[in-house]
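So you can see what is in the structure, the chains are spelled out below.
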Amino acid sequence: MGSSGGVYVLNATGDLIWSRNLGVEVKSIAVGNVTSDSGNEIAAGTSADHNIYLLNSTGATLWNYSTGGEVNSVMIADITLDAGNEVIAGSDDYNIYTLNKEGSLIWDYHAENLVRTVEAGNLTSDQGNEVVAGSTDGKLYVFNFDYFPTDPRIDIGANGTTDWYYSGTLRNTTQTTGIAVSYTHLRAHETSLHLVCRL
């Protein structure tokens, strides 16, 4: 990796197995099992084209996701209660991204400045890993995916009738006839969830 735009895979004795040139500076890479295919994948964050790439074990591009700035850090880890690992990235567009195995956005968070590094690990006694991100705003952000509401429902008027119900984990905005519901992301120090209902 580096300004040459190359990703190089070497064997245990240092011999080149394969290389792949992405055409732009590669700022960060991570290796892990993201898809159900055999072998590990390589996540790469790039500079000029602002992309997150996922390469398979032979160097072919599985997908790429475009951000609004240089991608300074990428990580592969299991951070949701869904099966498999996710790709996490921090970008100069002030955002922290979490992508699923198909390269679709699961969740993002807008920090107050450039996001320089991301990491994941089990920091608490509850189930699952947390995401940690460092930013040039001088803050360390910690996120726990257990705070996404599961199977939320809304009773408008508190009359015992369910006016809206979502099956599964609500991570973004969803809409049904006359009702829009969004999940408001939390800062690291907040532990309660917020559901916002717009009629």
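Everything here concerns the structure above.
Residues numbered from 1 in each chain as written. Predicted model: local features only at pLDDT ≥ 70, side-chain atom pairs only at ≥ 80, totals over all residues. Heavy atoms only, no water.

(A) Examining the pattern of salt bridges more closely. The full count for this structure, using the stated rule, is 3 salt bridges. The salt bridge involving E70 is made with K27; its shortest N-O contact spans 2.8 Å. Residue E70 is found in the loop between β6 (61-66) and β7 (71-77), and its partner K27 is found in strand β3 (residues 26-32); the two are separated by 43 residues along the sequence. With relative accessibility at 28%, the residue E70 sits in the partly exposed group. Here D92 ties to R116 by a salt bridge, and the two come within 3.1 Å at their closest N and O atoms. Of the two residues, D92 sits in the loop between β8 (86-91) and β9 (95-99) while R116 sits in strand β11 (residues 115-121), which places them 24 residues apart along the sequence. On the basis of relative accessibility, which here comes to 38%, the residue R116 falls in the partly exposed class. (Salt bridge = Lys/Arg side-chain N within 4 Å of Asp/Glu carboxyl O. Helix = DSSP H or I, 4+ residues; strand = E, 2+ residues; numbered from the N terminus. Buried < 20%, exposed > 50% of the residue type's maximum accessible area, 1.4 Å probe, protein only.)

(B) Broad picture of the nonpolar core. Counting residues in hydrophobic clusters, the biggest one holds 16 residues, and the most contacted among them are I88, I96, V118 and F143. Those elements giving two or more residues to this core turn out to be β7, β10 (105-110), β11, β12 (130-135) and β13 (140-144). Counting residues in hydrophobic clusters, the runner-up holds 14 residues, among them I52, L54, V74 and I76. (Core = buried A, V, L, I, M, F, W, Y, C linked by side-chain atoms within 4.5 Å.)

(C) The packing of aromatic side chains, seen in detail. What the rule picks out here adds up to 5 aromatic pairs. Their ring planes at 55° and their centres at 5.6 Å tell us that Y109 and Y141 sit as a pair that is tilted. With a gap of 32 residues between them, Y109 in strand β10 and Y141 in strand β13 connect regions that are remote in the sequence. Owing to a relative accessible area of 6%, Y109 belongs among the buried residues under this scheme. Grouping aromatic residues by their ring pairs yields a cluster made of W107, Y109, Y141 and F143. (Phe/Tyr/Trp six-rings, centres within 6.5 Å; stacked < 30°, edge-to-face > 60°.)

(D) Inspection of a nonpolar patch on the surface at higher detail. There is a patch of nonpolar side chains on the surface, built from Y8, L10 and L16 and spanning about 330 Å² of accessible area. When you line up the elements, Y8 lands in strand β1 (residues 6-10). (Patch = residues over 30% accessible without salt bridge, like charges linked within 9 Å, V, L, I, M, F, W, Y side chains within 5 Å. Areas by Shrake-Rupley, 256 points an atom, 1.4 Å probe, with all protein chains shown as cover.)

(E) Spatial organisation of the side chain of T35. The topology assignment puts T35 in the loop between β3 and β4 (41-46). Separated by 3.2 Å, the side chain of T35 and the backbone nitrogen of D37 make a polar contact. Side chain to side chain, T35 and E41 meet in a polar contact 2.9 Å long. Apart from residues no more than four positions distant in its own chain, T35 is found in contact with E41, L54, L62 and K101. (Polar contact = N/O pair within 3.5 Å; in protein donor to acceptor, adjacent residues only side chain to side chain. Contact = heavy atoms within 4.5 Å.)

The analysis is restricted to geometry; functional conclusions fall outside its scope.
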